[in-house]
Amino acid sequence: MKTKLTLIAMAALLLGSCCSRPETPTYLNPNAPLEERVEDALARMTIEEKIDIIHAQSKFSSPGVQRLGIPELWCTDGPHGIRPDVLWDEWEQAGCTNDSCVAFPALTALAASWNRDASALYGKSIGEEARYREKDVLLGPGVNIYRSPLNGRNFEYMGEDPYLAAQMVVPYVREVQKNGVATCVKHYALNNQEAHRHTTEPVLDDRTLYEIYLPAFKAAVQEGGSWSIMGAYNLYEGEHACHNNRLLNEILKGEWGFDGVVISDWGGTHNTEEAIRNGLDLEFGSWTDGLANGSSNAYDNYYLADPYLRLIREGKVGTEELDDKARRVLRLIFRTSMNTSKPFGSLLSEAHIEAARKIGEEGIVLLKNDNQTLPISLENKPRIAVIGENAIKMMTVGGGSSSLKVAKEVSPLDGLKAAVGDKAEVIYARGYVGDVTGEYNGVVAAQDLNDNRSEKELIAEAVALAKECDWVVMFGGLNKASHQDCEDSDRFGLELPYAQNRLIEALAEANPKFVYVNISGNAVAMPWVEKVPAIVQGWFLGSEAGNSLANILLGNANPSGKLPFTFPVRLEDCGAHAVGEYGGTGKVHYNEGILVGYRWHDTKAIAPLFAFGHGLSYTTFDYSDARLSSSTIKEGGKVKVSVTVTNSGKVDGQEIVQLYVGDCESSLLRPAKELKGFEKVALKAGESKKVEIELPYEALCFFDDAAHAWRAEKGDFKIYVGSASDDIRATLDLRLK
Ligand code: BGC
């Protein structure tokens, strides 16, 4: 009996030992500290495996480590919605039927909301869409500074002011990443023109770099905690931005302590040794048609693939940089594709559609509203003439890599028709013919916009209609075709294309109740501005464009957006064109320096067409009792600015209180004033609220190139509290001791 028991016990023991589960390796243990997991995984990898994970394997993915069960990374554009899937190695459509998305408003519109909560909602919603589509890295948001209205890609960015862009990018990044999806903030840095984007080399001083062009990236990395960043196409100090010692090693990873991944822009890598040394971690898109570029797998020929391996094998470079790159990529994988606690996300949810509409409404800017032309009243069943190609043209297709395949896009015409129902008659006339194409990488807008009538005929028809209607609303502006608001090309000038100026003048003459809605991501010239009573900046608003616009035009929502960039009267009124260089190849001198946008206009006393921060409402706001908590401030200290804002009109609304700082005496040039704080506040009709904004010492500082440090000079400062950069309601005195 005893023997029998012993035998059973021994058998059990044997069975136990051979079938006991091996201990989980640290890298697979989600509860182990991130850095321990990274080191554990790295220690198990061969050099070849490390090389594998630092370059692409397809148009939008990079390999994992199959042997170790470490998953791949899948990227997607970005930044306005989740791009439809393309073929493994081509830009053309994969032909999926599950990849339609919600298009959110373009980032200029988001910036125009001046609403940090709207940015958080945007990030949450697009992050959930990315997660549902099982994407790990969202290629966006973009925060290149709006230097010139000619940049075809301004619509993907957050305007001309570094403080506004920095404030708006942070919530977006944080909320996306809560989904286990990394943001890839782009295009770092100085990608301020599309023309010759692979060969331009901005030349600027450090002060301009640090004060104007870097703050939004820094905030995205340090405050937002972005897990990746995209190198730009252009050069800087003789090296491409994707492998640039100064930008990547010294500033991003050195000064800012970035622990994430530097991803190249698609085709932005040009040199293996620079890529090894100068901070690039993950190479993408080096050949548009990757497979055709090599005999077996052209991805092996990427700069950070076989050429790198060869240098290591020949002993020409060590493996220290390789380990650093692989570590960063592993960190990204653990944070995203291998994150076991990430949520599942959702696609095309009611909440996302609602978010797109709401953000759109918050971003629309009422530029002018003489005689209270807007909102349109539906009393007495009016006849509303809707004119213009942009009333019907799908705007989510085109524009470059941000092009989307949407489940639905509500056009301005359809939005208005749906909103008025049977309370008004809406009649459409084309007015002008602009871009009749509507295709991007195989996504087709499926609209036949062809119209062979002459300009004269089109204008005559529109004018005749305008004369017999109670209201006329024209939707014009730019579109997503080349040389409009589109990647890879710049605009030819500030003027509206397609003879729209003639049409606008004719409509303004035909009917005094004329509203011009400008659809664009850029400023346009408005030589007829005095003749048109109501002007609205309508942006590219995505899936819900028509609904957002209709709500504003009809007064169902009160406009509350403010311009995130200046509208100059003429192109020459913009610093980059007055004294700077723009649009060329090779060295492009940013001679205007720190005087970008309103900083130029205000300092040089050049009146804009519409100022930075400008935006009207259907109500009015009074400012009173503006105060500083102290009239002096010390280095490292802070003061509080408070002001009471009253909604003095008859409808509820939102006001954006803006805080600008000007240095009264300084040993070097400082802009007349600079935005250093803002708050968007909702006020019911008749309601008053006290708004408080903190002003830290840093808000008084400039970047001292010589000392390579931020500092301020003692003396007097003016604190301007206003409703726009050209509508200051109170000026306060502050002394730096
Ligand atoms: C663009 C990037 C984009 C990438 C992938 C590039 O041409 O500059 O913004 O994310 O393509 O589509």
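Parameters at a glance
- Residues numbered from 1 in each chain as written.
- Predicted model: local features only at pLDDT ≥ 70, side-chain atom pairs only at ≥ 80, totals over all residues.
- Heavy atoms only, no water.
- 1 Å grid on protein atoms, 1.4 Å probe; cavity = no way out; pocket = protein on both sides within 12 Å on 5 of 7 lines; lining within 4 Å.
- Points joined across faces, edges and corners; volume = space filled by probe spheres on them.
- Helix = DSSP H or I, 4+ residues; strand = E, 2+ residues; numbered from the N terminus.
- Nonpolar A, V, L, I, M, F, W, Y, C, P; charged D, E, K, R; others polar.
- Near = heavy atom within 4 Å.
- Polar contact = N/O pair within 3.5 Å; in protein donor to acceptor, adjacent residues only side chain to side chain.
- Sits in = over half its atoms within 2 Å of the grid points.
- Pairing = 2+ DSSP bridges.
- Axes fitted to C-alpha atoms, helices over the stretch in contact; angles between N-to-C directions.
- Expected span 1.5 Å × (residues − 1).
- Buried < 20%, exposed > 50% of the residue type's maximum accessible area, 1.4 Å probe, protein only.
- Domains from an automatic or database assignment.

Section: the layout of surface pockets
Empty space within the largest pocket amounts to approximately 950 Å³. As for the largest pocket, its lining consists of 31 residues, and the residues nearest its centre are Tyr163, Pro215, Glu223, Lys676 and Glu698. If you list the elements that add at least two residues to the lining of the largest pocket, you get helix H6 (162-177), helix H7 (206-213), helix H8 (215-222), strand S23 (674-683) and strand S24 (688-696). The element that contributes the greatest number of residues to the lining of the largest pocket is S23, accounting for five residues. Its residues placed into classes, the lining of the largest pocket shows 16 nonpolar, three polar and twelve charged. Roughly 560 Å³ of volume is contained in the second largest pocket. In terms of lining, the second largest pocket is formed by 39 residues, of which the most central are Arg197, Gly400, Ser401, Tyr440 and Glu487. Put simply, the parts of the chain that give the lining of the second largest pocket at least two residues each are strand S4 (182-188) and strand S13 (439-440). Here the residues of the lining of the second largest pocket sort into twelve nonpolar, 14 polar and 13 charged.

A few points about the site of the ligand
Close contacts around the ligand come from 15 residues, with Asp77, Arg153, His187, Tyr233 and Asp265 the closest. The side chain of arginine 153 places a nitrogen or oxygen atom 2.8 Å from an oxygen atom of the ligand. Between the ligand and the protein, one listed contact pairs an oxygen atom with a side-chain N or O atom of tyrosine 233 at 2.8 Å. The cavity where the ligand resides is the second largest pocket. Here the shell around the ligand is built from residues that sort into six nonpolar, two polar and seven charged.

A few points about the sheet that holds S24
Within the open sheet, the three strands sit side by side as S19-S21-S24. Their pairing is antiparallel. The sheet is open, and its two edges are formed by strand S19 (621-628) and S24, each paired on a single side. Adjacent strand axes in the sheet meet at a mean angle of 20° when their direction is disregarded. Inspection of the sheet shows S19 paired to strand S21 (residues 638-647) by six bridges, in the antiparallel sense. Following the sheet pairing, serine 624 is matched in S21 by threonine 644.

Quick notes on helix H12 (residues 320-335)
Along its 16 residues, H12 runs 23 Å from first to last C-alpha, staying within 8% of the 22 Å computed at 1.5 Å per residue. If you check which residues of H12 are buried, you get Leu322, Asp323, Lys325, Ala326, Arg328, Val329, Leu330, Arg331, Leu332, Ile333, Phe334 and Arg335.

A closer look at unusual backbone geometry
Geometrically, the link from glycine 140 to proline 141 is a cis peptide bond, its omega value of 0° lying close to zero. With respect to the helices and strands, the residue proline 141 is situated in the loop between strand S3 (137-139) and H6. The phi dihedral of glutamate 134 falls on the positive side, at around 60°, and the residue is not glycine. Examined against the element boundaries, glutamate 134 turns out to sit in the loop between helix H5 (116-132) and S3. The exposed category is assigned to glutamate 134, whose relative accessible area is 60%. Of note in this structure, alanine 499 is not a glycine but carries a positive phi near 55°. Its place among the elements puts alanine 499 in the loop between strand S15 (471-477) and helix H16 (500-510). Taking the relative accessible area as the measure of exposure, alanine 499 reaches 21% and is therefore partly exposed.

Quick notes on the domain arrangement of the chain
When the parts of a complex come together, some accessible area is lost, and that lost area is often taken as the interface size. The domain boundaries assigned to the chain delineate domain 1 (32-70 + 236-335), domain 2 (357-565) and domain 3 (620-736). Distance from the C-alpha centre of domain 1 to the C-alpha centre of domain 2: 45 Å.

Here we look at the sheet that holds strand S27 (residues 715-724)
If you walk across this open sheet you meet the five strands as S20-S28-S27-S22-S23, and the pairing is mixed. Strands with a single pairing partner mark the edges of an open sheet, and in this sheet they are strand S20 (632-633) and S23.

With respect to empty space enclosed by the protein
Taken as a whole and judged by the stated rule, the model has five cavities of 30 Å³ or more. Of the voids in this model, the largest cavity is the one considered here, and its volume is about 170 Å³. As for the largest cavity, its lining consists of 22 residues, and the residues nearest its centre are Met395, Thr396, Phe540, Leu541 and Gly542. Classifying every residue of the lining of the largest cavity by side-chain character gives 13 nonpolar, six polar and three charged. Of the volumes computed, that of the second largest cavity is approximately 70 Å³. Together, Tyr146, Arg147, Pro149, Glu160, Thr566, Pro568, Cys574, Gly575, Gly597 and His601 line the second largest cavity. Residues that form the lining of the second largest cavity fall into these classes: four nonpolar, four polar and two charged.

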